[in-house]
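Chain by chain, the residues:
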Protein chains: 2
Amino acid sequence: MLGTGRMGAGIVDLLLRTEGVELTGVYARRRERAGLDVGEAVGLGRPLGIAVSGGLAALCRTTRPHVAIQATCSRVSDARDEIATLVTHGVNVISIAEEMAYPRVTSDDIAAALDALAVANSVTVLGTGINPGFVLDTLAIALSGVCQRVDRIRAQRVNDLAPYGPTVLAAQGVGLEPAAFREGVERGEVVGHVGFPQSIAMIGQALGWTIERVEEQREPIVSRVERRTALVTVQPGRVAGCLHTATAYAAGRPVIELVHPQQIRPELEGVATGDSIAITGRPSFEFSARPEIPGGIATVALAVNMVAHVMNAAPGLRTMAELPVPAAVVGDVRRRLRVPLEAATRG
Amino acid sequence: MLGTGRMGAGIVDLLLRTEGVELTGVYARRRERAGLDVGEAVGLGRPLGIAVSGGLAALCRTTRPHVAIQATCSRVSDARDEIATLVTHGVNVISIAEEMAYPRVTSDDIAAALDALAVANSVTVLGTGINPGFVLDTLAIALSGVCQRVDRIRAQRVNDLAPYGPTVLAAQGVGLEPAAFREGVERGEVVGHVGFPQSIAMIGQALGWTIERVEEQREPIVSRVERRTALVTVQPGRVAGCLHTATAYAAGRPVIELVHPQQIRPELEGVATGDSIAITGRPSFEFSARPEIPGGIATVALAVNMVAHVMNAAPGLRTMAELPVPAAVVGDVRRRLRVPLEAATRG
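Parameters at a glance
- Each chain has its residues counted from 1, following the order in which its sequence is written.
- All chains are assigned letters beginning with A, and all ligands numbers beginning with 1, in the order in which they are written.
- pLDDT decides what is reported in this predicted model: residues at 70 or higher carry local features, side-chain atom pairs at 80 or more are listed and counted, and totals for whole chains, interfaces and linings draw on all residues regardless.
- To obtain the side-chain values, all non-hydrogen atoms of the structure were used and water was disregarded.
- Only heavy atoms enter the contact rule, under which two residues are in contact if any of them lie within 4.5 Å.
- A 1.4 Å probe defines the accessible area here, and the buried area is the portion of it lost by two parts on being joined, summed over both.
- Take a side-chain nitrogen of Lys or Arg and a carboxyl oxygen of Asp or Glu: if they are within 4 Å of each other, that pair is a salt bridge.
- Within 3.5 Å is the distance limit for a polar contact, defined as a pair of N or O atoms, with the added protein rule that one can donate a hydrogen and the other accept it, and that residues adjacent in sequence qualify only through two side-chain atoms.
- Secondary structure counts use DSSP, requiring at least four H or I residues in a row for a helix and at least two E residues in a row for a strand, with both numbered from the N terminus.
- Here, the term nonpolar core denotes a set of buried Ala, Val, Leu, Ile, Met, Phe, Trp, Tyr and Cys residues that are joined through side-chain atoms within 4.5 Å.
- A 1.4 Å probe rolled over the protein chains alone gives each residue an accessible area, and that area as a share of the maximum for its type sets the label: buried under 20%, exposed over 50%, partly exposed in between.
- One requirement defines pairing of two strands: DSSP has to find at least two bridges between them.
- Axis angles are defined between N-to-C directions and span 0 to 180 degrees, where every axis is a line fitted to C-alpha atoms and, for a helix, only to the segment in contact.
- An angle counts as roughly parallel when it lies under 35 degrees, as roughly antiparallel when it exceeds 145, as roughly perpendicular when it falls between 65 and 115, and as oblique in every other case.
- Each crossing gets its hand from how the near helix is turned against the far one by less than a right angle, where anticlockwise is left-handed and clockwise is right-handed.
- Only Asp, Glu, Lys and Arg are considered charged, only Ala, Val, Leu, Ile, Met, Phe, Trp, Tyr, Cys and Pro nonpolar, and every remaining residue, Gly among them, polar.
- Any Phe, Tyr or Trp ring, taking Trp's six-membered ring, that has another such ring centre within 6.5 Å forms a pair; planes under 30 degrees apart are called stacked, those over 60 apart edge-to-face, and the others tilted.
- Put simply, a charge is over a ring when the Lys NZ or the Arg CZ is close to the ring centre, within 6 Å, and near the line of the ring normal, within 35 degrees.
- A least-squares fit on C-alpha atoms brings the copies together, and the residues used are those whose pLDDT is at least 70 in both copies.
- Multiply 1.5 Å by the residue count of a helix minus one, and that product is the helix's expected span.

S.K.: Even after reading the chapter, I still don't get the interface of chain A and chain B, so can you show me in this structure?
M.R.: Buried accessible area, meaning the area lost when the parts come together, often serves as the stated size of an interface. On the side of chain B, 49 residues touch chain A, which itself brings 50 residues to the contact. Summing the contributions of chain A and of chain B, the shared interface buries around 4100 Å²; its carbon and sulfur component is 64%. For the chain A face of the interface with chain B, the top three residues by lost area are Gln-148, Phe-287 and Val-325 of chain A, together amounting to 17%. Our count for the chain A to chain B interface comes out at zero salt bridges. The tally of links between chain A and chain B comes to 17 residue pairs in polar contact (both at pLDDT 80 or more). Among the secondary structure elements, those contributing two or more residues to the side of chain A that touches chain B are helix H6 (138-144), helix H9 (196-207), strand S12 (274-282), strand S13 (285-289) and helix H10 (295-305) of chain A.

Here it is in structure tokens:
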């Protein structure tokens, strides 16, 4: 396990509750965490008898895991070195770094290098998570499977940022004046959602659309009421979040539209949270859920639920659209393995 | 292509519109169709210059297809001989026979024999369709992938039988007195939906539930109003369709509940058609669509959309839960192939 933040803690907790999984080690980037008991570092409330490690290569050599889950970062550039270390030690990798859902979007070179390294070491590397990784891409792709013709896919996720911390709120511009929000977008401080280009590339690749360009827009969600959370109070006229949208074009027309407004307490203005996938084609239909699938719980679940799929997969860099559909794990995860654990590749 | 009925006609039509696909031949069981032009046999309104064949083995030898789609039957016992003929000629098979979605439920022996035959001939056999094959199983499995814990899955499909023919209506008991409906269930004439055991087995296998028993119920949907279609008029007090449900138990408790009422014109009593998947666990959520995904269009689409996935798959008998998620085909389907067509297995 790589990472002891909120996601890392959730994944450690789920791994401990998953039959057939042995947690062999935990790596943290933060130096001050090295040597702490993992249970203490991730806030489990009990010691695990495993010390957090600050040296990834050494950890691979001593613990020889079959699979590592990376929850340390969001960007390919930031994820690549850890992944390369794991792969060269013969460890399969599941990353929840957003850009790793479809790393070719960020860099064809890095993706090709990671793919070649994974193939050379007979392991599989997968990026996953709720978004990108599932709601706005894998699920949309799966639903398109019932279509004889698809003219357009519109996928939307409306969530509530109230449970999130200050870093996430700042990235969505929560609390800013509208003018400051626009300046923040210009300067790259208000980033909105990380993942649209990845989701679009995954859908385009899976269906066969040659995406010519992607237009992204980040608009302030200006609150008309006072919205308050434990961390922040937004007065009327201030920004409650970021309406981030992306439209992808193929053959000159819009084919994929992704909509992801992220704000605190949308219900105060009568906005319901939820996920929806609308496909226009033959047939046209819309699948939706209210409220939205909770992102943190789901990202943790996907990372753990894909473990056996990754161990079963052909070596190389893979996307969610290339592996079998994810499935919750009931009972012993080892029953899912095509090759018994003793014979499987091991770091 | 095997079959020139309603589904066969739809598949032929879609194959002709799919870039990168060449329709090499069509086989029909009905002897009177042999020799007819395919376009005439399936009602395309134009000749295709291909004659319907009544001899499957000879058709395989002369046309050497990469993939065959079987739309001739519902039961494994009825599908197996054609599949065996195709497989021994080196042809990959996609079957829309309901029981082929998970053939081990019907017969472990037949499934094992087909799997061995497929492996020996380096081809893949897949069963698919809207239901079983997608809405009440593959989609439910995929959605479970965001769950850290699943206590129960309830999947429901409410449809309208108005577009269907007399065979389908009779199988749901449409027009019968309630007492005659119950006798029909006893005698096996009112069958309801074919596919619950297959969907349950697929979900159980994918998640890891050991299913101990499945309880199926077929109840008459007694109409309170007059319901009329082009084919039939149902008076108040008579049966408008069959409420077919199945509950699967693992470790002594119900874990999967599938609900599929099939009736004519449910809207006349205020019942909306639709699909829904409700998962109780961590998290709990429900995805739904109104109206339901149209079954005929979707089954045709799935059969064609899985062509490249089947050609890319490891040899053997496969289920939808073992292959990558389905995806609509935009553009040339050959771009999806891992191995170029010239080098691919060929019948």
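From this point, the discussion proceeds with the structure in view.
S.K.: Hey, could you run me through the nonpolar core in this one?
M.R.: Generally speaking, soluble globular proteins have nonpolar side chains that are buried together. Judged by nonpolar contacts, the single largest core of 154 residues is most densely connected at Ile-11, Leu-207 and Trp-209 of chain A together with Ile-11, Leu-207 and Trp-209 of chain B. Once residues within four sequence positions are removed from consideration, Leu-207 of chain B is found in contact with Ala-327, Ala-328, Val-329, Val-330 and Arg-336 of chain A together with Ile-141, Ser-144, Val-150 and Ile-153 of chain B.

S.K.: In this structure, what is going on with the sheet that holds strand S1 (residues 67-70) of chain B? I would like to understand it.
M.R.: Hydrogen bonds along the backbone pair up the strands of a sheet, which may run parallel or antiparallel. All names here are of chain B. Overall, parallel pairing links the four strands, which are arranged S1-S2-S3-S12 in an open sheet. Two strands close off the open sheet at either side, each with one partner strand: S1 and strand S12 (316-318). Strand-to-strand, the axes of this sheet are offset by a mean angle of 15°, without reference to chain direction. Taken together, the three bridges between strand S3 (residues 124-127) and S12 define a ladder with parallel strand orientation. What sits directly across from Thr-124, in S12, is Gly-316. Together, S3 and S12 form the strand contacts of helix H5 (residues 108-120), whose direction differs from that of S12 by roughly 125°.

S.K.: Looking at this model, I keep getting lost on the sheet that holds strand S3 (residues 67-70) of chain A. Mind explaining?
M.R.: All names here are of chain A. An order of S3-S4-S5-S14 is seen for the four strands of this open sheet, with the pairing classed as parallel. Pairing within the sheet leaves two strands with one partner each, and these edge strands are S3 and strand S14 (316-318). Neighbour to neighbour, the strand axes of the sheet diverge by 15° on average, direction disregarded. Bridge count for strand S4 (residues 92-95) against strand S5 (residues 124-127) is three bridges, and the pairing is parallel. When the sheet's bridge partners are listed, Ile-94 is paired in S5 with Leu-126.

S.K.: What is the right way to look at the side chain of Ser-276 of chain A in this model?
M.R.: Residue and element names in this part refer to chain A. Mapped onto the fold, Ser-276 is located in strand S12. Among the polar contacts made by the side chain of Ser-276, one reaches the side chain of Glu-286 at a distance of 3.5 Å. Contact partners of Ser-276, with chain neighbours within four places excluded, come to Arg-154, Ala-155, Gln-156, Glu-286, Phe-287 and Ser-288.

S.K.: In this structure, what is going on with the packing of helix H1 (residues 6-16) of chain B against helix H10 (residues 295-305) of chain B? I would like to understand it.
M.R.: In a packed pair of helices, the relevant descriptors are the angle between the two axes and the axis-to-axis distance. All names here are of chain B. Axis separation between H1 and H10 bottoms out at 9 Å; the angle between their running directions is 55°. As summarised for this structure, H1 and H10 are arranged oblique, according to the angle between their axes. For the pair H1 and H10, the sense of crossing is right-handed. Here H1 contributes Met-7, Gly-10, Ile-11, Leu-14 and Leu-15 to the contact with H10, which in turn contributes Gly-296, Thr-299, Val-300, Ala-301, Ala-303 and Val-304. For the contact of H1 with H10, a count of residues per class yields eight nonpolar, three polar and no charged.

S.K.: Would you explain the packing of aromatic side chains in this entry?
M.R.: Given two aromatic rings, their pairing is described by the distance between the two centres and the angle made by the two planes. Residues and elements named next belong to chain A. The final tally for this structure, using the stated rule, is two aromatic pairs over all chains. Geometrically, the ring pair formed by Phe-285 and Phe-287 is edge-to-face, given 6.2 Å between the ring centres and 90° between the ring planes. With a relative accessible area of 1%, Phe-287 lands in the buried category. Over the ring of Tyr-249 we find Arg-213; its NZ or CZ atom is 3.9 Å from the centre of that ring.

S.K.: Got a minute to help me understand the relation of the copies chain A and chain B in this structure?
M.R.: Each of the two chain copies can be generated from the other by rotation about an axis followed by a shift along it. Overlaying chain A with chain B gives an RMSD of 0.0 Å, the required rotation being 180° about an axis along which the chain moves by 0.0 Å. Accordingly, the operation relating the two chain copies is best matched by a two-fold axis. Identified as the residue of chain A closest to the rotation axis by C-alpha distance is Pro-324 of chain A, at 2.1 Å.

S.K.: In this structure, what is going on with the side chain of Ser-53 of chain B? I would like to understand it.
M.R.: By secondary structure assignment, the location of Ser-53 of chain B is in the loop between helix H2 (38-41) and helix H3 (56-63). Excluding its chain neighbours within four sequence positions, the residues that come into contact with Ser-53 of chain B are Val-26, Tyr-27, Ala-28 and Leu-59 of chain B.

S.K.: Quick question: what am I supposed to make of the environment of Gly-295 of chain A here?
M.R.: Residue and element names in this part refer to chain A. Position of Gly-295 among the secondary structure elements: in helix H10. What makes Gly-295 buried here is its relative accessible area of 12%. Gly-295 sits 136 residues away from Asn-159 along the chain, and the two C-alpha atoms are 8.8 Å apart. Residues within four places of Gly-295 in sequence aside, it is in contact with Ile-130, Arg-157 and Tyr-164.

S.K.: Looking at this structure, how should I read the pattern of salt bridges?
M.R.: Pairing between side chains of opposite charge can happen when their charged atoms approach one another. On inspection of all chains with the given rule, the structure shows 39 salt bridges over all chains. Between Asp-151 of chain A and Arg-149 of chain A there is a salt bridge; the shortest N-O distance is 2.8 Å. The class of Asp-151 of chain A is partly exposed, set by a relative accessible area of 25%. The exposure class of Arg-149 of chain A is partly exposed, given its relative accessible area of 39%. Between Glu-82 of chain B and Arg-29 of chain B there is a salt bridge; the shortest N-O distance is 2.6 Å. In this pair, Glu-82 of chain B sits in helix H4 (residues 76-88) while Arg-29 of chain B sits in the loop between H1 and H2, placing the two residues 53 residues apart along the sequence. The class of Glu-82 of chain B is buried, set by a relative accessible area of 8%.

S.K.: It is not clear to me how H10 of chain A should be interpreted in this structure. Could you clarify?
M.R.: Two residues of an α-helix separated by three or four positions point the same way, owing to the 3.6 residues in each turn. The buried fraction of H10 of chain A is high, at 10 of 11 residues. When H10 of chain A is considered as a whole, its buried residues turn out to be Gly-295, Gly-296, Ala-298, Thr-299, Val-300, Ala-301, Leu-302, Ala-303, Val-304 and Asn-305 of chain A.

S.K.: Even after reading the chapter, I still don't get the environment of Ser-284 of chain B, so can you show me in this structure?
M.R.: Residues and elements named next belong to chain B. Within the secondary structure, Ser-284 sits in the loop between strand S10 (274-282) and strand S11 (285-289). By relative accessible area, Ser-284 is classed as partly exposed at 47%. Distance in space between the C-alpha atoms of Ser-284 and Val-146 is 10.0 Å, their sequence separation being 138 residues. A polar side-chain atom of Ser-284 sits 3.0 Å from the main-chain amide nitrogen of Gly-281.

S.K.: Honestly, H9 of chain A in this entry has me stumped. Any pointers?
M.R.: Residue and element names in this part refer to chain A. Between the first and last C-alpha of H9 there are 16 Å, a value that for 12 residues agrees with the 16 Å anticipated at 1.5 Å per step. Among the 12 residues in H9, 10 count as buried, and that is most of the element. Those residues of H9 that fall on the buried side of the exposure criterion are Phe-196, Gln-198, Ser-199, Ile-200, Ala-201, Met-202, Ile-203, Gly-204, Ala-206 and Leu-207. Along its buried surface, H9 packs onto H6, strand S6 (149-160), strand S7 (213-222), strand S10 (239-250) and strand S11 (253-263). One or two positions beyond H9, positive phi appears at Gly-208, with a value near 115°.

Spatial relationships are all this shows, so hold off on functional conclusions.
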